[in-house]
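Chain residues, written in single-letter form:
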Amino acid sequence: MIAFLRLFIIAAVLAFLQAFIIQQVDMGIWLRPMPYLLLFFITPINLNKYGILVGGFFFGLFIDILAGNFGIHAASIVAVLFAKNFIDQRFIDFDSLKLQGETYVTVKTKGWLFFSYYVLSIIAIHHLTFFMLDYFEFVSFFRMLLSTIVSAIGTFLLILLFKSIIKS
Amino acid sequence: MFIVLQWLKRNSYPLLALFLFGFAVNQIMRFQIYQHSYYYNSSISFARTIDQWRNNVSSYLNLKNENEGLRQENLRLRSQLNINNIAVNTFKDTTYFDSISKSLNNYKVAYTYIRANIVRNTVSSRNNYFIIDQGKNQGVLEGMAVISPTGIVGIIINTSENFSRGMSVLNSKFEITPYIPKIELRQGVIGWSGMDYTVADLKEVNRTEQLKNGMEVVTSNYSSIFPPNIPIGTIKEVSQKNNSNFHQVTIKLSTDFSRLQTVYCIKNNYHLEIDSLSNPIIDEVK
């Protein structure tokens, strides 16, 4: 129960942080980090996948309402959670994670290389969906790709930073 | 049913994800101004393309009817030319009125034709009207006759700069005196009963006249609006009431009012002159 409450508070903080601080700071046209994805990297993998999907959808809608995006965050979160469920089922062994005292992927359990691939690939899927819906035209494909790459790196660094803050 | 439920159960997670994704995308289309306008413009453009394809197909499929109309019109024009040839020989020294012999010295041009397209037309009201894409600027005037390649259509009642409104044959106020060439009869009045847009009624024809089914009915040369010999239709049914001195005649109209496209407005260039001569006669009769 406390774990759920903790997740809920982190979700609210990340949503407000995204809508009122990160989106308000001018970082240029290419860099648009979305560190709220951290929530899905600290959510236990063994939770009900339907619950995570629906919860993630409402979390996305909440950010959309705060940020005035109307559905873009919600759609990209649904897409990334669907992809993450697929990746978790194929590449993560929950029992071995549990033996190491964790419920989600960390650097300690899987090593830097795997962790980076895992987090970056999920961030990339999210950002690609997000920018596709945001740009909404094929003529801007390369701009969209560049935004995805630059923003994914920014998001990855912010996630590492926030994760270390939460841990401490 | 069981198989369907099993399939739904097996794929419930992707289906739920798809549903939520679709809902979110729907929100984007509805509330994001840029995405909404992009989606809206793309859909409009797509719909227009589909409409154009459909119009092309329907025009192609309608070619048969159009060809049939043109064939009938050609036939009528050709038969008029034959009549004119005779007229040149017979009435050489008289003034003969004709619409298509402008080049011949002994002829006067009685009728002027203006081609138009129907832009709106009704057939289901008691009083039906049509609108054409030619108006005052193109020479269309009130009182001009309107015909289609297959028969009479109506009379122009209002004109604007570039459009005109006409009273259709399918109107309770429309009446015309017909001519039945086979028995050389100029009698009765044709009007529309309001029941069926393919037929009209011919009233006040004496029961002694030998009317038969299939007889052709055309415009009479007594009309100062319509040129003579324009098809009105063919006799479909002839009946008599015991206590009446007149036939009850149903006429199958030669114009298909549900498929009107191209029409001709006809101006009688001697309309006013004929009317000025008719008025003293009426005064004398009075």
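One structure accompanies this document, and this report is about it. (Residues numbered from 1 in each chain as written. Chains lettered and ligands numbered in written order. Predicted model: local features only at pLDDT ≥ 70, side-chain atom pairs only at ≥ 80, totals over all residues. Heavy atoms only, no water.)

## A closer look at the overall build of chain B
When helices and strands are counted, chain B shows four helices and 14 strands. The buried share of chain B, reckoned over its 286 residues, is 34%. Counting contacts in chain B only where the partners sit at least 6 residues apart, residues at least 24 apart contribute 56% of the total. For chain B, the exposed surface amounts to about 18,000 Å²; the carbon and sulfur share of it is 54%. (Helix = DSSP H or I, 4+ residues; strand = E, 2+ residues; numbered from the N terminus. Buried < 20%, exposed > 50% of the residue type's maximum accessible area, 1.4 Å probe, protein only. Contact = heavy atoms within 4.5 Å. Areas by Shrake-Rupley, 256 points an atom, 1.4 Å probe, with all protein chains shown as cover.)

## Things to note about a nonpolar patch on the surface
Residues and elements named next belong to chain B. Taken together, the side chains of Met1, Val4, Leu5, Trp7, Leu8, Leu15 and Leu18 define a hydrophobic patch exposed on the protein surface, amounting to about 730 Å² of accessible area. In terms of residues, the nonpolar patch owes the most to one element, helix α1 (residues 2–10), which gives four residues. You can see Trp7 is positioned in helix α1. Residue Trp7 is classed as partly exposed on the basis of its relative accessible area, which comes to 44%. (Patch = residues over 30% accessible without salt bridge, like charges linked within 9 Å, V, L, I, M, F, W, Y side chains within 5 Å. Salt bridge = Lys/Arg side-chain N within 4 Å of Asp/Glu carboxyl O.)

## What to know about the pairing of strand β14 (residues 262–268) of chain B
All names here are of chain B. Within β14, six of the seven residues are buried, which leaves it mostly tucked inside the rest of the structure. In this structure, strand β3 (residues 111–121) lies alongside β14, joined through seven bridges in antiparallel fashion. Each residue of the ladder has a partner; that of Ile114, found in β14, is Cys265. Where strand β5 (residues 145–148) lies against β14, three bridges are found, and the strand directions are antiparallel. Residue pairing for β14: Ala145 is matched across the bridge by Ile266. (Pairing = 2+ DSSP bridges.)

## Quick notes on the nonpolar core
Counting residues in each nonpolar core, the largest one holds 54 residues, and the members touching the most others are A:Tyr36, A:Leu37, A:Leu39, A:Phe41, A:Phe59, A:Tyr118 and A:Ile123. If you list the elements that add at least two residues to this core, you get α1 (2–22), α2 (38–41), α3 (49–67), α4 (72–91), α5 (94–99), α6 (107–135) and α7 (141–167) of chain A together with α2 (12–31) of chain B. Sort the elements by how many residues they give to this core and α6(A) lands first, with nine residues. (Core = buried A, V, L, I, M, F, W, Y, C linked by side-chain atoms within 4.5 Å.)

## With respect to the interface of chain B and chain A
Taken together, the 19 residues of chain B in the interface contact 23 residues of chain A. Buried surface at the junction of chain B and chain A, both sides included, amounts to about 1,800 Å², of which 76% is carbon and sulfur. Across the contact surface, chain B and chain A share zero salt bridges. Our count for the contact surface shared by chain B and chain A stands at two residue pairs in polar contact (both at pLDDT 80 or more). (Buried area = accessible area lost by both parts, 1.4 Å probe. Polar contact = N/O pair within 3.5 Å; in protein donor to acceptor, adjacent residues only side chain to side chain.)

## Describing the packing of α1(A) against α3(A)
All names here are of chain A. It is at 9 Å that the axes of α1 and α3 come closest, and there the two elements cross at 35°. The hand of the α1/α3 crossing is right-handed. Facing Ala11, Ala15, Phe16, Gln18, Ala19 and Phe20 of α1, the residues of α3 in contact are Phe59, Phe62, Ile63, Leu66 and Ala67. Residues belonging to the contact of α1 with α3 are distributed by class as follows: ten nonpolar, one polar and no charged. (Axes fitted to C-alpha atoms, helices over the stretch in contact; angles between N-to-C directions. Left-handed = near helix turned anticlockwise from the far one by under 90°. Nonpolar A, V, L, I, M, F, W, Y, C, P; charged D, E, K, R; others polar.)

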